[in-house]
Amino acid sequence: MGKRRGLFPVLLVMVMCYAALFGMVGGYEDEEREGEGESGGRRPKGEDWFLLQDSKHVVQTEAGFMKVVTGFGGRFVDDKPLHIGFISMEPNSLFIPQYLDSSLILFIRRGEAKVGSIYKDELVERQLRAGDVYRIDAGSAFYLVNTAEGQKLHVICSIDTSESLSWHSFRSFFIGGGRNPKSVLSGFDQQTLSTAFNVSIGELRDIMTRQQSGAIVYLSPEPHPPSVWSRFMQLKKPERIAHLKRIVHFEEVPRNEEERPTWSFREFLISLFGKENKKADDRRRTKTLDSYNLYDRRPDFRNNYGWSLAVDESDYSPLRRSGIGIYLVNLTAGSMMAPHINPTATEYGIVLKGSGNIQIVYPNGSLAMNAKVSEGDVFWVPRYFPFCQISSRTGPFEFFGFTTSAHRNRPQFLVGANSLLQTMRGPELAAAFGVDEERLRDIIDAQREGIILPSASASPSDETVHMEEKIRREVTIPKMVDSFGNDMVMGFD
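Overview of the structure. None of the values given here were measured: they were computed from a predicted structure.

Definitions and cut-offs
- Sequence order as written defines the numbering, with residues in each chain counted from 1.
- A pLDDT threshold of at least 70 governs which residues receive local features in this predicted model, and a stricter bar of 80 or more applies before side-chain atom pairs are shown or counted, although totals over entire chains, interfaces and linings include all residues.
- Heavy atoms throughout the structure, all of them, feed into the side-chain values; hydrogens and water do not.
- Note on aromatic contacts: the rings of Phe and Tyr and the six-membered ring of Trp form a pair at centre separations within 6.5 Å, being stacked when their planes are under 30 degrees apart, edge-to-face when over 60 apart, and tilted otherwise.
- For the purposes of this entry, the term helix denotes a DSSP run of H or I that reaches at least four residues, the term strand denotes a run of E that reaches at least two, and both are numbered from the N terminus.
- Here the term buried applies to any residue with accessible area under 20% of the maximum for its type, exposed to any over 50%, and partly exposed to those in between, with areas from a 1.4 Å probe on protein chains only.
- Here the term patch refers to residues with relative accessible area over 30% and no salt bridge, with like charges joined within 9 Å and nonpolar side chains (Val, Leu, Ile, Met, Phe, Trp, Tyr) within 5 Å.
- Using the Shrake-Rupley algorithm and a 1.4 Å probe, accessible areas are obtained, with residue cover drawn only from the displayed protein chains.
- Criterion for a salt bridge: a side-chain nitrogen of Lys or Arg within 4 Å of a carboxyl oxygen of Asp or Glu.
- Under the convention used here, Asp and Glu are negative, Lys and Arg are positive, and both His and the chain ends fall outside the count.
- All charge positions are set by atom: Lys at NZ, Arg at CZ, Asp at CG, Glu at CD.
- For two strands to be treated as a pair, DSSP must find no fewer than two bridges joining them.
- To form a nonpolar core, buried Ala, Val, Leu, Ile, Met, Phe, Trp, Tyr and Cys residues must be joined to one another through side-chain atoms within 4.5 Å.
- Two residues qualify as a contact provided that any one of their heavy atoms is within 4.5 Å of a heavy atom in the partner residue.
- Lines fitted to the C-alpha atoms define the axes, with helices restricted to the stretch that makes contact. Angles between their N-to-C directions range from 0 to 180 degrees.

## Side note on the packing of aromatic side chains
How two aromatic rings sit relative to each other is set out by the distance from centre to centre and by the angle between their planes.
Thinking step 1. Applying the stated criterion to the full structure yields 13 aromatic pairs.
Thinking step 2. Ring centres of tyrosine 327 and phenylalanine 399 lie 6.4 Å apart, and the angle between their planes is 70°; on these two criteria the pair is classed as edge-to-face. Of this pair, tyrosine 327 sits in strand S16 (residues 325-331) while phenylalanine 399 is found in strand S23 (residues 397-403), placing the two residues 72 residues apart along the sequence. Taken individually, tyrosine 327 and phenylalanine 399 each receive the classification buried, so the pair is uniform in this respect.
Thinking step 3. The structure contains a cluster of three or more aromatic residues connected by ring pairs, namely Trp49, Phe50, Tyr348, Tyr362, Trp380 and Phe385.

## Comments concerning a negative patch on the surface
Thinking step 1. Together, Glu428, Asp436, Glu437, Glu438 and Asp442 line one region of the surface with negative charge.
Thinking step 2. Along the chain, aspartate 436 turns up in the loop between helix H11 (427-433) and helix H12 (437-444).

## Details of the pairing of strand S2 (residues 64-69)
Thinking step 1. Alignment of strand S1 (residues 55-61) against S2, held across six bridges, turns out to be antiparallel. The partner of lysine 56 across the bridge, within S2, is valine 68.
Thinking step 2. Turn length for the S1-S2 hairpin, with the two strands adjacent in sequence and antiparallel, is two residues.
Thinking step 3. As paired strands, S2 and strand S3 (residues 82-89) are joined by six bridges and run antiparallel to one another. Bridge assignment links methionine 66 to a residue of S3, and that residue is isoleucine 87.

## Notes on the nonpolar core
Grouped burial of nonpolar side chains is what soluble globular proteins tend to show.
Thinking step 1. Core analysis: the largest hydrophobic core is formed by 97 residues, its most contacted members being Phe95, Leu294 and Phe400.
Thinking step 2. The residues touching phenylalanine 95, leaving out its near neighbours within four places in the chain, are Val59, Met66, Ile87, Met89, Tyr143, Leu144, Phe174, Ala215 and Ile216.

## Describing the sheet that holds S2
Thinking step 1. Sheet architecture is open: seven strands sit in the order S1-S2-S3-S10-S5-S8-S13, paired in antiparallel fashion. The open sheet is flanked by S1 and strand S13 (292-293), the only strands paired with a single partner.
Thinking step 2. Here two bridges tie strand S8 (residues 132-136) to S13, and the two strands are oriented antiparallel to one another. Bridge pairing in S13 links aspartate 132 to asparagine 293.

## Some remarks on the sheet that holds strand S21 (residues 378-381)
Thinking step 1. Strand order in the open sheet formed by six strands is S14-S15-S16-S23-S18-S21, and the pairing between neighbours is antiparallel. In this open sheet, the two strands that pair with only one neighbour each are strand S14 (301-303) and S21. Going from strand to strand, the sheet's axes swing by 15° on average, the running direction of each strand aside.
Thinking step 2. Bridging between S14 and strand S15 (residues 306-311) involves three bridges; their strand directions are antiparallel. In the sheet register, arginine 302 faces S15, and the bridge partner there is tryptophan 307.

## So, unusual backbone geometry
Excluding glycine, residues mostly carry a negative phi; peptide bonds, for their part, are mostly trans.
Thinking step 1. Residue asparagine 180 is joined to proline 181 through a cis peptide bond whose omega torsion reads -5°.
Thinking step 2. Considering the arrangement of structural elements, one finds proline 181 in the loop between strand S11 (172-174) and helix H3 (190-197).
Thinking step 3. One non-glycine residue, asparagine 92, adopts positive backbone phi at about 60°.
Thinking step 4. By the element assignment, asparagine 92 lies in the loop between S3 and strand S4 (93-100).
Thinking step 5. With phi around 70°, isoleucine 451 is a residue other than glycine that occupies positive phi space.

Spelled out as structure tokens, the structure:
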């Protein structure tokens, strides 16, 4: 009887793993069925899967907006649930102080910014310029200011919801606010807040209801008088710290134990706003929050057809805490990033400039997607899926993105001078293709370039893309679930 009881947990785990595996496969099946029309025919699902088009404006004001493109996370076991955010701010505007239940990696696409954030109970400010990358921890209060005179600020960010309150979504907790948005402080009882701030309820009500302009505001809106945030940002850093300290009564020491509050609201505010740093050693620690500029970095690879670089935790240590990597690729007109796979991470890509095509292949060897993308488009490529990027012949094609691993990325190229085929060449590979070694050698040696290849014949013109798109929509794409079916275990039925 004892042995049977010992076997039961093992059997239970096996059943759960079995159910999870087939549940995942069933998920692909359901996705395909959703594409079936009333007549029973199916429409292609490639673009619906790999081009991320589900976006929502989470902030929209006169001074700017934030739009979030929903990621695909959760369909694969190792997926990190990522969203992609786009922030646009008018000159002299502020994204008001807040904290999120998700971590952010900011990339300054255009313009200049000042970001203030809390690190180890300290207020740390950094000036950011185009190309800078900067990480903000989940739960760390921050604000963002457009400091470039007469120029809009454009920011692209990853939103990692691994630590969020609910799966695959994120929430903002605004510290400042009024009627729109509401401050998290407004949820407390008025008497409690009045006691905490040591001001009257009337004074408190005035400051807690004045803001109505949304989460992105002008610092000096004309012809209106300067706002609370405008006056706050005009203070020098030591004055801002002193102001925050006064708000939370940081300098006040209770005369006796009876006067000491029994709740930790004051400590809660201190943890959000930080405290003044008094030790040189503490100042050195803030270097952890330095930014990293992609445009100052020498490319990892460059040839006549383009360049590429990747930033991992060894280059920028804050990435270690997020488990996210960053990459930037620039292809000249008509060139291609050779077909390759990423064996360690899922990729999210954002087109920064130009246009091109993204081709992705299912594990069963069928074409998953061949779609034209242009500036602003967002795509994702699951781990292990073969893919390539092809620049149009009209100009350079530049794209930037995030990977779900902060470790050094070692993509495996399937074609080119430094490809897997070159490494594995021999009688075994020739037999796999059904040709002799000499014939195989002639084929794989024909391409003398590696990683980024010339591809005048492969890069489509606009007319070709339009025609291919029309034809593709008339062709049925094989079920994605087939890639997890018999061809994965052929010969073992």
